[in-house]
Structures are given as structure tokens and as C-alpha cells.
Amino acid sequence: MAQIELKQVAKKFGDVYAVQPMDLTIQDGEFVALLGPSGCGKTTTLRMISGLEAVSSGQILIDGQDVTWNHPSARDIAFVFQFFALYPHMTVRQNIAFTLEAQKVPKAQVEKRVFDVARLLQIEHLLRLRPKALSGGDRQRVTLARALVRHPKAFLMDEPLGALDADFRATMRAEIKRLHLAQHATTVYVTHDQIEAMAMSDRIVIMSNARVQQIGTPAQVYYDPANLFVARFIGSPGMNLVKGRYTNGMVQLPGANQLPLPERWQAAIANQLSSEDVVLGFRPEAAKISADGVLNTQVYASALHGAYAMLHLALDGEKGETMTHVRAAKNTIYPIGTPLRFDLDPQMVRFFDPKTELALTLA
Ligand code: ATP
């Protein structure tokens, strides 16, 4: 398996950047997702790694070797596409064996490798069938088998589950993760589905507008978003982001609310804010409803999400312009208009500079 390194890799179509210069090192055996909204440059990045798209500038290294100008076939990496690109006139066995046979791998070895990969993906019983006899999920397993059987240095996957329905997606997500854990194959996985990225990846590269916004573990991008884009984009709903002003150790929030600044943030705020304006960020589970809570709100709406309730609480009461999402126990559904107080877990509070949109960091 392989380490993949991108050094200031960029792609321009005409005068427009599809990918701004980016640095990324994917470790041997690592599973990295490229995540972001449509058009942010994920697929272009993947295609540059594969060699299907030439870089406009920068270098790509595989295991320390510069492959920037190598042909895709000379990079020894397998591309798994979204569509079920199987040969309809061949059986499943022939589809899986095809590349090995083209490479003149000895027959006995082809048989063994096809059988091993079929067993891994639990498709042995399908080997004699043609693709049209298979379900969508089984076809996707065959697509994966065909990539796996080559023992490539790395896998590149572009929304491989995009065409599947929700149930199959969940099954195949688990399948790909299981395969990754079994084989430790370096994998770069493009998706616009954050649940997929969070569930499968060691690290996530979050992109927007052709730029890398943050590279981090699922926990880092969730709890410590680097900027307002990541804070909004990750999580469902995204992080609560409330505009305020910082004065005298207090953050003044809508509805005459005041949040005493947690001690560990005092120096950071004083040193890093470019003005008094600040954005307070917290996840719905950072709030604890309590009769003497420091923040005073009014229930705007509440909904049962099964295992818990999601409350929409307005910090500015009747006006209802500054809404926060707060997670509460499932039996806490309140009538609209109920006054409610909550406290914030000081460990889970974050701050952003509204001018730079960047998260403030603790020393
Ligand atoms: P999606 O999830 O919709 O596939 P993406 O994040 O993968 O989006 P890309 O397909 O990498 O985004 O596209 C990035 C930008 O580059 C888009 O604005 C797209 O229109 C543009 N682009 C991609 N390929 C070409 C091309 N061959 N010629 C011109 N522009 C292109």
C-alpha cells in the first residue's frame, strides 16, 4: 500500500480555479474522505491523483516518487466509479478476472485471487451470473471486487454509493469500512454526504469553493471547526452560531443575554478578535436545560427525534430571530412560548471572528 502526497496541487479550467493550491499527505493505509458541496473541486482532486486529469501546478507523489506526469496506468491505483461499469456480456467471475487476465497473470493465480476476493465480499455464489441478474448492491460489490482483486497501491472512490437507495448505502458503507479495516488499503473517498464521511474516515478534507477549509479527524471537524463554513456544514443541524459582542469578560448576546466568558477563553478572545464582534458557537448537545441557567430563552418549536428531542429556542424571546437548537431528553417536549433557561458546557463552547470567519484557538 502507499502514501499519497499532494504538494501545492492546483487545477484551473481557463482562468477559474477548480482546485486552489492544496497540500495533503495521505498516510499509508489511511482512509481519507474529500467532503464538500457540489462543485467544490472534490472530483477534480481525485482525478488529478488518478492521473485522469493533469494538474495545472504542483506535484503528486506516491510513496515518495513523483508521479505528477505519469500515465494513470503507471500509478497502480484503482478507481471505483459511482456507476456499475460492469461488462454486461461477461459473468461476474470474468468481470473480476478481466484486468488480471489482461495483465497476463498466470491462470491459477487469477483463480485464487478471484475466489479470495469473492469470499471477502461474500459473492462466491454469484460468480457464474451475468450483471443483469444481480441486485444494485451485489453489482456494487462486484465493482469493488474488481478493484480489490488488482491489489493496487491505493483506492480512489468517487461517490461509489451515490446510486444506491438508503438501506443499501448503509450496508455498503459498513462493507467498505470493514474491507478497509481488513486490508488497510490507502483510500481516498469523494462524497458530499457528511454522514458517510464521518462514519468511514480516519480524516476528512472539507472543501468549499475550490479551497480546502479544514483537514481533520471526524471529531476535530465536528468539535473544533476551523471556520464558520465548517461549523455550519458539519452536523445536522450545524453548530449554533450566535452573534454577540465581547465587553468586560462578558459576551453580550441577543435578548439581553450575557455569557460570562469561560476562563480558558479570556486570553484567546482578547488577543485574537479583530473587534468587539464575536460569534459564539456550540453544538446542540452542549446545552443543559436548567431552571437557573445563565441563558434565557423561549421555546419556538420542539420535535421528537426518536431517542431525543430537538428544541428550537429563541434567545430573543418573542422576536424569534436568534434561534438555537438544543438537544434535550426525549420526554421534554414543551409548548411553544414556554420560557426556558440553559447553561453551556464550558468545554464545548467555541468562538469565531465574524470578520475573518476563523475559529479562535486556545493557546
Ligand atoms: P460534484 O459533487 O457536483 O461532482 P465536485 O466537488 O466533485 O462536485 P468538481 O467536479 O471537481 O466538483 O468541479 C469543480 C469545478 O470545476 C466546478 O465548478 C466544475 O464546473 C468545474 N469543472 C470540472 N471539470 C471541468 C472541465 N472539464 N472543464 C471546465 N470546468 C470544469
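Rules of the game
- Residues numbered from 1 in each chain as written.
- Predicted model: local features only at pLDDT ≥ 70, side-chain atom pairs only at ≥ 80, totals over all residues.
- Heavy atoms only, no water.
- Domains from an automatic or database assignment.
- Contact = heavy atoms within 4.5 Å.
- Buried area = accessible area lost by both parts, 1.4 Å probe.
- Salt bridge = Lys/Arg side-chain N within 4 Å of Asp/Glu carboxyl O.
- Polar contact = N/O pair within 3.5 Å; in protein donor to acceptor, adjacent residues only side chain to side chain.
- Helix = DSSP H or I, 4+ residues; strand = E, 2+ residues; numbered from the N terminus.
- Nonpolar A, V, L, I, M, F, W, Y, C, P; charged D, E, K, R; others polar.
- Near = heavy atom within 4 Å.
- Areas by Shrake-Rupley, 256 points an atom, 1.4 Å probe, with all protein chains shown as cover.

## Observations concerning the domain arrangement of the chain
Under the domain assignment used here, the chain contains domain 1 (4–231) and domain 2 (238–352). Each of domain 1 and domain 2 has a C-alpha centre, and these two points are 39 Å apart. Between domain 1 and domain 2, the residue contacts involve 8 residues of the former and 9 residues of the latter. Taken over both partners, the interface formed by domain 1 and domain 2 buries close to 750 Å², and the fraction arising from carbon and sulfur atoms is 57%. When residues of domain 1 are sorted by the area they lose upon contact with domain 2, Tyr222, Leu228 and Ala231 head the list and together hold 62% of the total. One can count 1 salt bridge joining domain 1 with domain 2. The closest approach of N and O atoms between Asp224 and Arg350, which form a salt bridge, is 2.6 Å. Between domain 1 and domain 2 we count 5 residue pairs in polar contact (both at pLDDT 80 or more) in total. Where the side of domain 1 that touches domain 2 is concerned, the elements lending two or more residues are α7 (218–223) and α8 (228–233). The dominant element in the side of domain 1 that touches domain 2, judged by the number of residues it contributes, is α7, at 3 residues. Grouping the amino acids of the side of domain 1 that touches domain 2 by side-chain chemistry returns 6 nonpolar, 1 polar and 1 charged.

## A look at the site of the ligand
Within the structure, the ligand sits among Phe13, Ala18, Pro37, Ser38, Gly39, Cys40, Gly41, Lys42, Thr43 and Thr44. Between Thr43 and the ligand, the recorded distance is 2.7 Å, taken from a side-chain N or O atom to an oxygen atom. A distance of 2.5 Å separates an oxygen atom of the ligand from a polar side-chain atom of Thr44. Considering the ligand on its own, with 630 Å² of exposed area, one finds that the protein chains cover 53% of that surface.

## Observations concerning the side chain of Gln214
With respect to the helices and strands, Gln214 occurs in strand β10 (residues 211–216). Within polar-contact distance, the side chain of Gln214 engages the backbone oxygen of Asp224 at 3.0 Å. Discounting residues that sit within four places of it in the chain, Gln214 has contacts with Ile204, Val205, Ile206, Gln220, Val221, Asp224, Pro225, Ala226 and Val230.

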